[in-house]
Amino acid sequence: MSDDDLKLVSDGLKRAPPSPDESAREENFALAMKNFDRLQESRDGTRPTPEATRSGWLRKGVTKMFQTLSTRGAIAASTALVAVAVAVTVLPTYQVGTDLRLREVATQKTDDTRMEEEQFVDVEPLVEPAPMELAPMELAEADMAASAPEALAAAPPTPTARVAAPGVGGLAIFDDAIRPAPTDTETYANAAPNPLKITSKDPVSTFSADVDTASWSLIRNMISRGQLPPSDAVRIEEMVNYFPYAYPAPEGPHPFQPTVSVMGTPWNAGTQLVHIGIQGEMPEVDARPPLNLVFLIDTSGSMDDPTKLPLLKQSFALMLSELRPEDEVSIVTYAGSAGQVLEPTRAADRATILAALDRLHAGGATAGQAGLQQAYAVAESMTMDGEVSRVILATDGDFNVGLSDPEALKNYIADKRKTGTYLSVLGFGRGNLQDATMQALAQNGNGQAAYIDTLSEAQKVLVDQLTGALFPIADDVKIQVEFNPAMVAEYRLIGYETRALAREDFNNDAVDAGEIGAGHTVTAIYEVTPVGSEAVMTDALRYAPPVEADGSGELGFLKLRYKAPGEEISTLIETPILPEMGTAGDDARFSVAVAGFGQLLRGGKYLGNWGYSDLIALANANKGADEFGYRAEAVKLMRLAETLSR
């Protein structure tokens, strides 16, 4: 090499960044070597050969570069670049915490195509060295951003700390807190299926009315994704009550009317079904009082998903079209903290409300308690005499800051409902749906729980059924049936496991129960085994006195209690249940098919050989008018579940 060549190399080296002071340099170089030595220890899995690794490509590429370059200028320039790379490699390290991963970055060029790949390897925590300036590393970070793998790009942003280590076949970067997306943490509120009851021993069944529909929507979402739902996600009463039925409208002084029919059981020829349908009255919409709505919207980081916050915005936009101009809307959000993002605004000012919704973004923890507190405060400030106030909570169900325990939430909401402000809950998205929390909120907030996974479902819940969801016609609705042991040997209630009440709770007006909204229907189905039927599953007791016929001919006696909204004293409705009572039409038989579907999904203990083909035939034969196609969709879902069950 000539003197001129040496001078060019010398000039290139002089242009490299200056080294740190000697003491810091030696200390950090020793630490880097210690970390490098640790990385050479054996690890699980096959260890690749030097050239097979991505880091090996860099060494091979550098060697090829020097073999190819020939001009003095190119040699000098490349020498300067190598010097810069060495300086970056031995940069002082700094604190990176305890959860580290190694990212090896390598680049090769093949057929004019630039390829950058990364490899992640778990490493031991590094010892904390002295802090120093990291500006050169920021340059390396910007260069590597384009080559981040898809899994890393999809993950939420996390604080990242980096340290360079030499001798790993290129530039080694340690990333702190790089973790995969949260695993499925969904939980469901349910109980074991109701057992068979012996009438002579336990003749009375008591439960709360339920108009929630969340379980059906959730089941539909799971099956549509190719998986059968877990048993706890199946609440049969919510499946049955998802569908609209045209039971006879109430006539007389009460806001709803029970209709009872007795029919044969499709899955057991030796038993009968007692079908109870309740139809709520539908007052004139123009006559309803002004409505105050507080949208309590979860904007935490877990809502950053197309099926969560974006769908929520679209859903609430649909709802605005159903409000009257004088109705008022306010928006409260909660993430790391709660805040009011829209002051009470008339529904006529649609553009302002939509703009406030559009500005919402997801990020932060889930301060559910603070959000609830502020939403109730806003609702109370909006309410005037004769007006109706509602808080509508929209969330994926993850309350991880504040009151996250269902029992604590239950008590808090129970106290707040006394102010007259009801709470409804809308669930969005999958992955961390806390069904138990949502059920506790809705049941104790005198509101309804629904799950929205599509814009079509939002149309059903927030447009077609909005009046029923927001305007109650009866509070604390309780149902009690006493079966006649002279006529019925055994019985079981299908569903309503989470709505069971003690017998004495029926007459206790202090005990909370479900609400029925304007136009709502409620369906309950009992399977009963007549005395003397071959289908009786239990033996008579040897020492128990025989049951004597009472001569009434009644299968049982139905009682309902309810309170008019705002009242403290309940009203009683009574009616006997007679054999061959009523006529089972399409509505009743389709609801039985849905109840059978729910039982199949929960194991079908009492269904014998009755299976999916029988279920599908029954549902298909009783779809009726099906104005909106809900029943046809149900049949498709049943067929898909049959395939998945194989």
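Everything numeric in this text was worked out from a predicted model, so none of it was measured.

Bringing the overall build of the protein chain into the picture now. Looking only at helices and strands, one finds 18 helices and 20 strands in the protein chain. Summed over all atoms, the accessible surface of the protein chain reaches about 30,300 Å², with 52% contributed by carbon and sulfur.

This part takes up the packing of helix H17 (residues 612–621) against helix H18 (residues 630–645). Between H17 and H18, the shortest axis-to-axis distance is 10 Å and the interhelical angle comes to 175 degrees. When the interaxial angle is binned, H17 and H18 end up roughly antiparallel. Between H17 and H18, the residues in contact are Tyr612, Ser613, Leu615, Ile616, Ala619 and Asn620 and Val635, Met638, Arg639, Ala641, Glu642 and Ser645, respectively. Here the contact of H17 with H18 is composed, by residue class, of seven nonpolar, three polar and two charged.

It is worth spelling out the sheet that holds strand S5 (residues 197–198) at this point. Strands belonging to one sheet form pairs held by backbone hydrogen bonds; the direction of such a pair is parallel or antiparallel. Spatially, the five strands line up as an open sheet ordered S5-S16-S18-S8-S7, and their pairing is antiparallel. Both edges of this open sheet fall to S5 and strand S7 (256–265), since each of them pairs with a single strand only. Taken together, the two bridges between S5 and strand S16 (residues 488–493) define a ladder with antiparallel strand orientation. Across the sheet, the residue bridging to isoleucine 198 is glutamate 490, located in S16.

Right, let's get into the side chain of asparagine 446. Assignment of secondary structure puts asparagine 446 in the loop between helix H13 (435–444) and strand S14 (449–452). For asparagine 446, a relative accessible area of 9% translates into the label buried. Residue contacts for asparagine 446: discarding those within four places in its chain leaves Arg417, Tyr422, Leu423, Asp512 and Glu515.

To continue, consider the nonpolar core. Core analysis: the largest hydrophobic core is formed by 39 residues, its most contacted members being Trp216, Met239, Phe243, Phe597 and Leu615. Elements supplying a minimum of two residues to this core: helix H7 (214–224), helix H8 (236–240), helix H16 (586–601), H17 and H18. If one sorts the elements of this core by residue count, H16 sits on top with nine residues. Beyond its immediate stretch of four places on either side in the chain, leucine 615 contacts Ala593, Gly596, Phe597, Leu600, Trp610 and Met638. Residues Ala356, Phe428, Ala450 and Ile452 belong to the second largest nonpolar core, which totals 33 residues.

Bringing the sheet that holds strand S10 (residues 328–334) into the picture now. The sheet built from six strands is open, its strands ordered S11-S10-S9-S12-S13-S14 with mixed pairing. Strands at the two margins of the open sheet, each flanked by one partner only, are strand S11 (338–346) and S14. Along the sheet, successive strands turn relative to each other by an average axial angle of 20 degrees, direction set aside. Alignment of S10 against S11, held across six bridges, turns out to be antiparallel. Looking at S11, one finds that valine 329 is bridged to threonine 345. Across the sheet, H13 is in contact with strand S12 (388–395), strand S13 (422–428) and S14; its angle to S13 comes to roughly 155 degrees.

Summed over the entire model, instances satisfying the criterion amount to 17 aromatic pairs. These aromatic residues form a ring-pair network of at least three members: Trp216, Tyr242, Phe243, Phe590, Phe597, Tyr612, Phe628 and Tyr630. Residue placement shows lysine 460 over the ring face of tyrosine 630; its charged tip is 5.5 Å from the ring centre. One cation-aromatic arrangement involves arginine 631 over phenylalanine 590; the distance from NZ or CZ to the ring centre is 4.8 Å.

Residue placement: alanine 214 occurs in helix H7. Judged by its relative accessible area of 7%, alanine 214 is buried. C-alpha of alanine 214 to C-alpha of glutamine 448: the two residues are 234 residues apart in sequence and 9.0 Å apart in space. Excluding residues within four positions of it along the chain, alanine 214 makes contact with Arg235, Glu238, Gln439, Ala449, Ala450 and Tyr451.

As a further point, take the pairing of S10. Counting buried positions over the seven residues of S10 gives seven, a clear majority of the element. Side chains of S10 alternate between two faces, with Glu328, Ser330, Val332 and Tyr334 and Val329, Ile331 and Thr333 buried alike. Strand direction decides the pairing type here: strand S9 (residues 291–298) and S10, joined by seven bridges, are parallel. Considered in S10, the bridge of leucine 293 is made with valine 329. Assessed by its sense of winding, the connection that carries the chain from S9 through helix H9 (residues 309–320) to S10 is right-handed.

Attention now moves to the side chain of aspartate 298. Among the structural elements, aspartate 298 can be located in strand S9. Buried and unpaired, aspartate 298 has lysine 308 as its nearest opposite-charge partner, separated by 7.9 Å. For aspartate 298, the side chain forms a polar contact with the side chain of threonine 395, separated by 2.9 Å.

About the criteria used
Residue numbers restart at each chain and count upward from 1, following the sequence in its written direction. A pLDDT threshold of at least 70 governs which residues receive local features in this predicted model, and a stricter bar of 80 or more applies before side-chain atom pairs are shown or counted, although totals over entire chains, interfaces and linings include all residues. Water and hydrogen atoms were dropped before computing side-chain values, which therefore reflect all heavy atoms in the structure. Runs of H or I in DSSP of at least four residues are treated as helices and runs of E of at least two as strands, each being numbered from the N terminus. Only the protein chains shown count as cover for residues, with accessible areas throughout obtained via the Shrake-Rupley method and a probe of 1.4 Å. Interaxial angle, 0 to 180 degrees, is taken between N-to-C directions of lines fitted to C-alpha atoms, where a helix line uses only the stretch in contact. Between 65 and 115 degrees an angle is taken as roughly perpendicular, under 35 as roughly parallel, over 145 as roughly antiparallel, and anywhere else as oblique. Note on contacts: a residue pair is in contact if any heavy atoms of the two residues lie within 4.5 Å. Note on residue categories: nonpolar means Ala, Val, Leu, Ile, Met, Phe, Trp, Tyr, Cys or Pro, charged means Asp, Glu, Lys or Arg, and polar means any other residue, Gly included. Any two strands between which DSSP finds at least two bridges are classified as paired. Here's how the labels work: a residue is buried when its accessible area is under 20% of the maximum for its type, exposed when over 50%, partly exposed in between, all with a 1.4 Å probe on protein chains only. Among buried residues, those of type Ala, Val, Leu, Ile, Met, Phe, Trp, Tyr and Cys that are joined through side-chain atoms within 4.5 Å constitute a nonpolar core. We call Phe, Tyr and Trp rings a pair once their centres come within 6.5 Å, taking the six-membered ring for Trp, and we label the pair stacked below 30 degrees between planes, edge-to-face above 60, and tilted otherwise. Two thresholds decide whether a charge sits over a ring: the Lys NZ or Arg CZ must be within 6 Å of the ring centre and within 35 degrees of the ring normal. Here the term right-handed applies to a crossover when the path leading from its first strand over the helix to its second strand runs clockwise, the strands being oriented away from the viewer. Residues scored as positive are Lys and Arg, those scored as negative are Asp and Glu, and His as well as the terminal groups of each chain are ignored. Salt bridge, as applied in this entry: a Lys or Arg side-chain nitrogen positioned within 4 Å of an Asp or Glu carboxyl oxygen. Under this definition, polar contacts are N or O atom pairs within 3.5 Å; protein pairs additionally need one hydrogen-donor-capable and one acceptor-capable atom, and for neighbouring residues in sequence, both atoms have to be side-chain atoms.

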